[in-house]
Amino acid sequence: FLLDAAKEHPEVQFCHATGTQAHTAGVKNFHNAFASIYQGRYAAGVVAGLKLNEMIAENKITAEQAKMGYVGAFTFAEVMSGYTAFYLGVKSIVANVEMDVHFTDSWYDFDKEKAAAAALVESGCVIVSQHADSAGAPTAVEEAWNNGKVAYCVGYNVSMLDAAPNAALTSATNVWSVYYQYAFATAINGGDIASNWSAGYKEGAVKITDLGPNCAEGTQAKVEEVVGKLQAGTLNVFDTSKFTVEGKAITWAYATDSDGDFAYDKNNVVVDGYFHESFVQSAPAFNLRIDGINWLNK
């Protein structure tokens with residue numbers, strides 16, 4: 001709809017957050033934007049990993065019980081990129097961790113998300129994160145925490161401390177004001193808005209929300225260290241030396257769907273030892289199913 005509208009009204013600038021078509025559409029006044037939220041997901045994963053380590057050190061769980069859960073909306077690259085980045089952040093702290101993913105087939109469904117999180121906790125997941133837009137998952141985890149379960153959560157978009165004041169550790173979030181300021185300033189000054197815009201920690205376009213009261217000691221300092229490396233470009237989230245797919249290292253992965261069949265078929269983005277996310281287009285393209293992450297219902 002937006003692309004058709006852009007073609008019909010060339011005098012108007014159409015900016016589609018999280019869209020995918022601008023890269024191949026070739027329409028000058030149609031633009032896609034997506035913050036590099038995978039960096040924020042990774043930082044949030046570090047927060048979760050530190051909490052796992054603390055729970056192990058305090059004998060609240062064993063190393064074998066350091067299991068993660070994730071409530072995902074759809075099996076889209078946007079979701080897969082996010083949960084993989086989160087998992088790799090956890091894995092940078094706790095090397096042998098595994099994570100179960102439960103999909104809801106909805107971007108926003110409080111009841112489904114709450115039920116999925118409750119099931120993950122019941123199956124032994126001690127920290128549950130999400131790519132789902134309601135507070136359903138944190139609500140379920142907070143209820144489990146109040147009932148004596150070892151259970152914590154990491155949210156998305158906004159702080160979940162209101163929904164889960166005890167269980168919430170942090171949330172990964174986009175700072176869309178960075179894009180709004182860029183797009184308006186560019187248009188006002190007569191410039192061309194990028195057809196695909198993506199920015200991360202370096203530009204202040206992603207962050208994690210305030211840390212919850214039950215985060216592990218030393219979390220803030222470690223997060224600042226990790227964010228500094230992300231800003232400097234010395235830490236690459238999808239470093240291919242840090243994960244495998246079916247036991248094998250990855251040396252190539254396509255990132256562009258050139259013919260609209262929902263399958264990437266051009267532009268290898270594994271270069272210099274890492275997957276260059278949001279490189280040929282702003283929208284996430286990482287859709288590899290890496291080892292250590294289990295799909296429960298797909």
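Right above here is the structure, for reference.
Residues numbered from 1 in each chain as written. Predicted model: local features only at pLDDT ≥ 70, side-chain atom pairs only at ≥ 80, totals over all residues. Heavy atoms only, no water.

**Student:** Teacher, can you tell me more about the pairing of strand E6 (residues 152-156) here?
**Tutor:** Each regular strand displays side chains that alternate between the two surfaces of the sheet. Counted residue by residue, E6 has five buried out of five residues, so it is predominantly covered. Of the two faces of E6, the one lined by Tyr 152, Val 154 and Tyr 156 and the one lined by Cys 153 and Gly 155 are each fully buried. Pairing analysis gives three bridges linking strand E5 (residues 127-131) to E6, with the strands arranged parallel. Opposite Ser 129, over in E6, you have Val 154 as the bridge partner. The parallel pair E5 and E6, bridged by helix H6 (residues 136-146), forms a crossover whose chirality is right-handed. (Buried < 20%, exposed > 50% of the residue type's maximum accessible area, 1.4 Å probe, protein only. Helix = DSSP H or I, 4+ residues; strand = E, 2+ residues; numbered from the N terminus. Pairing = 2+ DSSP bridges. Right-handed = clockwise from strand over helix to strand, strands pointing away.)

**Student:** I'm lost on the side chain of Thr 139 in this one. Help?
**Tutor:** Structurally, Thr 139 can be placed in helix H6. A relative accessible area of 17% places Thr 139 in the buried class. When neighbours within four sequence positions are excluded, Thr 139 is seen to be in contact with Phe 110, Lys 114 and Ala 163. (Contact = heavy atoms within 4.5 Å.)

**Student:** Help me out: how do you make sense of the nonpolar core in this one?
**Tutor:** Side chains of nonpolar character tend, in soluble globular proteins, to be buried together. With 73 residues, the main nonpolar core has Leu 52, Tyr 83 and Ile 127 as its most contacted residues. Among the elements that make up this core, the one with the highest residue count is helix H3 (residues 37-57) (11 residues). When neighbours within four sequence positions are excluded, Ile 127 is seen to be in contact with Ala 48, Lys 51, Leu 52, Met 55, Lys 67, Met 68, Gly 69, Tyr 152, Val 154 and Leu 169. Core analysis: the next-biggest nonpolar cluster, separate from the first, contains 18 residues, Ala 117, Ala 140, Ala 151 and Ala 167 among them. (Core = buried A, V, L, I, M, F, W, Y, C linked by side-chain atoms within 4.5 Å.)

**Student:** Sorry if this is basic, but what is going on with the packing of aromatic side chains here?
**Tutor:** The way to describe two aromatic rings as a pair is by their centre distance and the angle between their planes. Counted by the stated rule, this structure contains 15 aromatic pairs. Aromatic side chains Phe 243 and Phe 286 sit 5.8 Å apart centroid to centroid with 75° between the ring planes, which places their arrangement in the edge-to-face category. Residue Phe 243 is found in the loop between helix H8 (219-232) and strand E10 (254-256), and its partner Phe 286 is found in the loop between strand E13 (274-275) and strand E14 (293-295); the two are separated by 43 residues along the sequence. Pair check on accessibility: Phe 243 and Phe 286 agree, each one buried. Ring pairing ties together the aromatic residues Tyr 38, Phe 238, Phe 243, Phe 275 and Phe 286, which thus form one cluster. (Phe/Tyr/Trp six-rings, centres within 6.5 Å; stacked < 30°, edge-to-face > 60°.)

**Student:** Would you mind going over a nonpolar patch on the surface with me for this structure?
**Tutor:** Residues Phe 76, Trp 107 and Tyr 108 make up a contiguous nonpolar surface patch of roughly 330 Å² in combined accessible area. Mapping Tyr 108 onto the fold places it in the loop between strand E4 (98-103) and helix H5 (110-122). Of the residues examined, Tyr 108 reaches a relative accessible area of 54% and is grouped as exposed. (Patch = residues over 30% accessible without salt bridge, like charges linked within 9 Å, V, L, I, M, F, W, Y side chains within 5 Å. Areas by Shrake-Rupley, 256 points an atom, 1.4 Å probe, with all protein chains shown as cover. Salt bridge = Lys/Arg side-chain N within 4 Å of Asp/Glu carboxyl O.)

**Student:** Looking at this structure, I do not really get the layout of surface pockets. What am I missing?
**Tutor:** Put simply, the largest pocket is a space of about 750 Å³. Along the walls of the largest pocket sit 27 residues, with Thr 20, Asp 257, Phe 262, Tyr 264 and Gln 281 positioned nearest its centre. Contributing elements (two or more residues each) for the lining of the largest pocket: helix H2 (22-25) and helix H4 (77-91). One number sums up the size of the second largest pocket: a volume of about 420 Å³. Among the secondary structure elements, those contributing two or more residues to the lining of the second largest pocket are H3, H8 and E13. In terms of residues, the lining of the second largest pocket owes the most to one element, H8, which gives three residues. Considering only residue class, the lining of the second largest pocket consists of 10 nonpolar, nine polar and three charged. (1 Å grid on protein atoms, 1.4 Å probe; cavity = no way out; pocket = protein on both sides within 12 Å on 5 of 7 lines; lining within 4 Å. Points joined across faces, edges and corners; volume = space filled by probe spheres on them. Nonpolar A, V, L, I, M, F, W, Y, C, P; charged D, E, K, R; others polar.)

**Student:** Quick question: what am I supposed to make of the pairing of E5 here?
**Tutor:** Within E5, five of the five residues are buried, which leaves the element mostly enclosed by the surrounding structure. On E5, burial covers both faces: Ile 127, Ser 129 and His 131 on one face and Val 128 and Gln 130 on the other are all buried.

**Student:** Mind showing me how you'd approach unusual backbone geometry here?
**Tutor:** The general pattern is negative phi for most residues beyond glycine and trans for most peptide bonds. Positioned with a positive phi, Asn 267 is a non-glycine residue whose angle comes to about 70°. Residue classification places Asn 267 among the partly exposed residues on the basis of a relative accessible area of 31%. For Asp 272, which is not a glycine, the phi torsion comes out positive at approximately 60°. With respect to the helices, strands and loops of the structure, Asp 272 is situated in the loop between strand E12 (270-271) and E13. Accessibility expressed as a relative area gives 68% for Asp 272, which makes it exposed.

Shape descriptors only; they carry no functional weight alone.
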